[in-house]
Each structure stands twice: as structure tokens, then as C-alpha cells.
Amino acid sequence: MVIIDGASDRGSKTPLSSARKPNLDEIAKMGINGIMDTIKPGVRPGSDTSHLALLGYDPFKFYTGRGPIEAAGVGIELKEGDVAFRVNFGTVKGDGSVFDKIVVDRRAGRISDTDELVKAVNEIDIGVEFVFKRGSGHRGALVLRGDLSDRVSDVDPKKIGERVKMCVPLVEDEKARKTAEIVNNFVQISHEVLENHPFNLERARKGLLKANVLLLRGAGKVPNLPKFEDRFGLKLAVISGTALIKGVVKIIGGDVIEVEGATGGKDTNLNSKVKGALKALKSYDFVLLHIKATDEYGHDGDFEGKRRFIEKVDEALKPLLNLDFSEVCLIVTADHSTPVSVRDHTADPVPVTIVYKDVRVDDVDEFSELKAYKGGLHRITGNDLFNIVLDLINKAEKFGA
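I will try to describe carefully the structure that is included in this document. Predicted model, so just to flag it, every value in this text is computed and none were measured.

With that out of the way, let us pick up the overall build of the chain. Helix and strand counts for the chain stand at 14 helices and 13 strands. Referenced to the eigenvectors of the C-alpha coordinate spread, the extents of the chain come out at roughly 65 × 50 × 35 Å. Across the 401 residues of the chain, 57% fall into the buried class. Summarising the internal contacts of the chain: among those between residues at least 6 apart in sequence, 73% fall at separations of at least 24. Summing over all exposed atoms, the chain offers an accessible surface of approximately 17300 Å²; the carbon and sulfur share of this is 46%. With 59 positive and 61 negative side-chain charges, the chain shows a separation of 2 Å between the mean positions of the two kinds.

See the structure below:
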């Protein structure tokens, strides 16, 4: 399964429809096509919930928050009772406490070299045990340990030009109140450390944005999900440079395969990832190949950048045309749309193609959101896709006698 993150768009001309992509178009010609609501029509998917759905896990039943997934993805060994948060390094400006300051960039200029800052944060004292690790680029994850609650609000305002939010309890509960207090203390103390850290002072001298605030969101407790191999009889692996997607696979018992140059960003080594995925097919039943940067270009509102990156993806995927489709089932899709006009995820359905022996090949001749709707799959959901694939490979259980 190849997931081109946020690849689809909105409107009559999209980066995907206007890109030169002979290999993706050939894949569409070889298979059966359709459009897909990864969650359900009208529901804006997160990357975490959509990937759970695409892997056969109903997110309305199994999703407990993004924090634990992100934490697992960055390599934090989670324990029962841990409360985890997704974290962005961001930039704030203004006077007073961190909660009086304005967020001017939620990604600190898409900073990527955060090791020194992470080390400094891990040395602060907030009165409880915590673990903070970096993810790819500006991302990270925080785990708080103790008798705490995940029923607390986000600190991240999710918009530039707004103040950092105070964390508040979402229920009338002493644990939630205590957790919110700890979070606010952590955000304030870490801001004080980051604001005057030599690394950030040097960035400011170079005209770069300081990574001087940690924006927390997506609090959740460690989920106990049924393992993928136990449910479906398939050994699962993922190749991705993105901590969140690694985390989704880890929490359902899959393996993460690290390949050289997989950054989760615009500089990722696409050829290395494809090569690694093909190699993994020799040892695993289900290989998920995730490509992130299309989503980043959508968030940046960069139509031409997104189109050009799709063309790079297309070139890298050419070796997939040589697969033996009597033995390998190939799925190509996106996890959600990230239109450049919106700069965020939307519920616009995504294109999906399945290539395998004996599929009912339709007349669609282009991999795009504007043509896929004419295909034989029609309009399906993420869970539908997984069930369809299980049936195609003769792994589906009979319903009834």
C-alpha cells in the first residue's frame, strides 16, 4: 500500500491532475479505481485516524488521541498510564509569560536540527517524571508519568497570530486539574530555557526564527489495540520518515523498517524508500510505504511545489510496474486531501487504485481525483478498502453460513 500523504486537492485543476505522472497513470490503467472517504463522507481526517482506518481499525472504536501514537513513533517506550502529547517547536514573540505571547510560526521556520534544544528541555525540573523526544523536522513528543489524566486541552492555538493557550482540564477531576497545571508549568519553563538558548540566539543572529516554544496537543493515554497479525494473519511493516505513521504501525504490532534518507520531509530519499519497500515484500505480507511531503506542500499553499513533488514521486514509483501482480496486490492512494487553497486537511475524497490479478479493470486512464470517480470501485471508505483487499487476497472471513 502506497500512501501519498495529502496528495489530492480541491477544484477543477489540481497539482495531481496537472502533474506529469506516466507511472501513476499506468498503474491506474492496470487496475480498478475509485474515490475514497478514509473516515466517512464529510469527516475531515487526521493522518492518524485515516491510517488506522486504512489498516482495518475503525478509528471511532480504536482511536485514543494522537499523542501516544506520535510518542511510539519517535521511540519512546510507553508504559500503562502514561499521558502523551504531540509537540511542535514553534516561534512566539511578545512580552510577559509564554501565554501572553503571540505565535508567529507553528513550525519555527520548519526547523529540523533540534537535538540541542531537546537535550536542554530534558534537563528542566517540573516536579514529575517526563520524557521528551524529537521527531522529524519541527516535531516531537512528550510523555508525562504519574497519576495523571489525558482529559486536558491543547496548548497549541493551531493558528498563527494568536496567543499560546493555557491548558485547562476538560472534566471536573483532580487528576485533570493537576495535569493541566503540570502542562502549563512545562510550557512556561521550557520557553524560558529555549528563548535564551545559545542555539536559538545564533538562529536569531542569522535572521532565522527562534524555536522558543513547545506547542502541545493531542493528549492521550496509551491504547491497547489488538495486534494486526493476530487480527488478519498478515505480518506488517512500514517504511516512513514520519514519526506519527511509524507510531500507528508500532501500536498495532507492526515493524518499522528504517531506510537511508527517509526524512519525512521534502528532502526525503524517495528511491531509497521504494527500494526498501520492494525488499521488505520478501519478508512481510503487508508493506505500507508512506510519502509525506505532498501534505507539507499543501499546508504551505504551494501548488507548483506540490505538483513538482508528485512528479518526483511518480518517477520513484516506476519500479512498481515490474511487480508480479499475480503474487502482489498493489494499492495506491492518499490518506486525505490537503488542498493548497485551504492549507489544511479536508474531507474531499481521495483517489484509490488497486492492481491485482483478476480485478475488474475499468476505463480510468489517469491517477487523479478528477478521474478516479469514474472507476469501478465507485465511492468507498477506508475500512471498505481494507475489506476489499482482504477479499481479493482470499484472507476475508465469511459472514454467515
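Now that the structure has been shown, the text picks up again.
Across all of its chains, the model carries 28 salt bridges by this definition. The salt bridge partner of E129 is R145, with a shortest N-O separation of 3.5 Å. With E129 in strand β5 (residues 129-134) and R145 in strand β6 (residues 139-145), this pair connects stretches of sequence that are 16 residues apart. With a relative accessible area of 13%, R145 lands in the buried category. Here the residues in one salt-bridge network are K21, D25, D365, E366 and K371, joined through shared partners.

Peptide bonds are, in most cases, trans, and in most cases residues other than glycine have a negative phi. Of note, H378 is a non-glycine position whose phi angle comes to about 60°, a positive value. Tracing the backbone shows H378 in strand β13 (residues 378-381). One non-glycine residue, N394, lies in positive phi territory at about 60°. The exposure class of N394 is exposed, given its relative accessible area of 68%.

All right, on to the side chain of K246 then. Counting through the fold element by element, K246 comes out in helix α10 (residues 243-251). Looking at K246, its side chain comes within polar contact range of the side chain of E258, at 3.3 Å.

Spatial ordering of the open sheet is given by β9-β8-β10-β1-β11-β12-β2-β13, a layout of 8 strands whose pairing is mixed. In this open sheet, the two strands that pair with only one neighbour each are β9 (255-256) and β13. Bridge count between strand β2 (residues 32-37) and β13: 4 bridges; the pairing is parallel. For D37, the partnering residue across the bridge sits in β13 and is T381.

Here we come to a nonpolar patch on the surface. Among the surface-exposed residues, M166, V168, L170 and V171 lie close enough to one another that they form a single nonpolar patch of about 320 Å² accessible area. Its relative accessible area of 40% is what places V168 among the partly exposed residues.

On to the side chain of D5. Relative to the helices and strands, D5 is located in the loop between β1 (2-4) and α1 (15-18). For the buried residue D5, which engages in no salt bridge, the nearest side chain bearing the opposite charge is K292, 4.0 Å off. A distance of 3.1 Å separates polar atoms of two side chains, one belonging to D5 and the other to H336. If we ignore the near neighbours within four places in the chain, the residues touching D5 are S47, H51, H290, I291, K292, T294, D295, D335 and H336.

What follows covers the packing of aromatic side chains. All chains considered together, the criterion is met by 10 aromatic pairs. Residues F232 and F386 carry aromatic rings whose centres are separated by 4.6 Å and whose planes lie at 55° to one another, so their mutual orientation is tilted. Here the residue F232 occupies a position in helix α9 (residues 228-232), and F386 occupies one in helix α14 (residues 382-392), the gap between them amounting to 154 residues. This pair shows no difference in class: F232 is buried, exactly as F386 is. Site record: aromatic cluster; members linked through ring pairs are Y57, F62, F228, F232, F286 and F386. The ring of Y284 carries the charged tip of K235 above its face, separated from the ring centre by 4.9 Å. The ring of Y297 has K266 lying over it, and the distance from NZ or CZ to the ring centre is 4.3 Å.

Basis of the calculations
Residues numbered from 1 in each chain as written. Predicted model: local features only at pLDDT ≥ 70, side-chain atom pairs only at ≥ 80, totals over all residues. Heavy atoms only, no water. Helix = DSSP H or I, 4+ residues; strand = E, 2+ residues; numbered from the N terminus. Buried < 20%, exposed > 50% of the residue type's maximum accessible area, 1.4 Å probe, protein only. Contact = heavy atoms within 4.5 Å. Areas by Shrake-Rupley, 256 points an atom, 1.4 Å probe, with all protein chains shown as cover. Lys, Arg positive; Asp, Glu negative; His and termini not counted. Charge placed at Lys NZ, Arg CZ, Asp CG, Glu CD. Salt bridge = Lys/Arg side-chain N within 4 Å of Asp/Glu carboxyl O. Polar contact = N/O pair within 3.5 Å; in protein donor to acceptor, adjacent residues only side chain to side chain. Pairing = 2+ DSSP bridges. Patch = residues over 30% accessible without salt bridge, like charges linked within 9 Å, V, L, I, M, F, W, Y side chains within 5 Å. Phe/Tyr/Trp six-rings, centres within 6.5 Å; stacked < 30°, edge-to-face > 60°. Lys NZ or Arg CZ within 6 Å of the ring centre and 35° of its normal.

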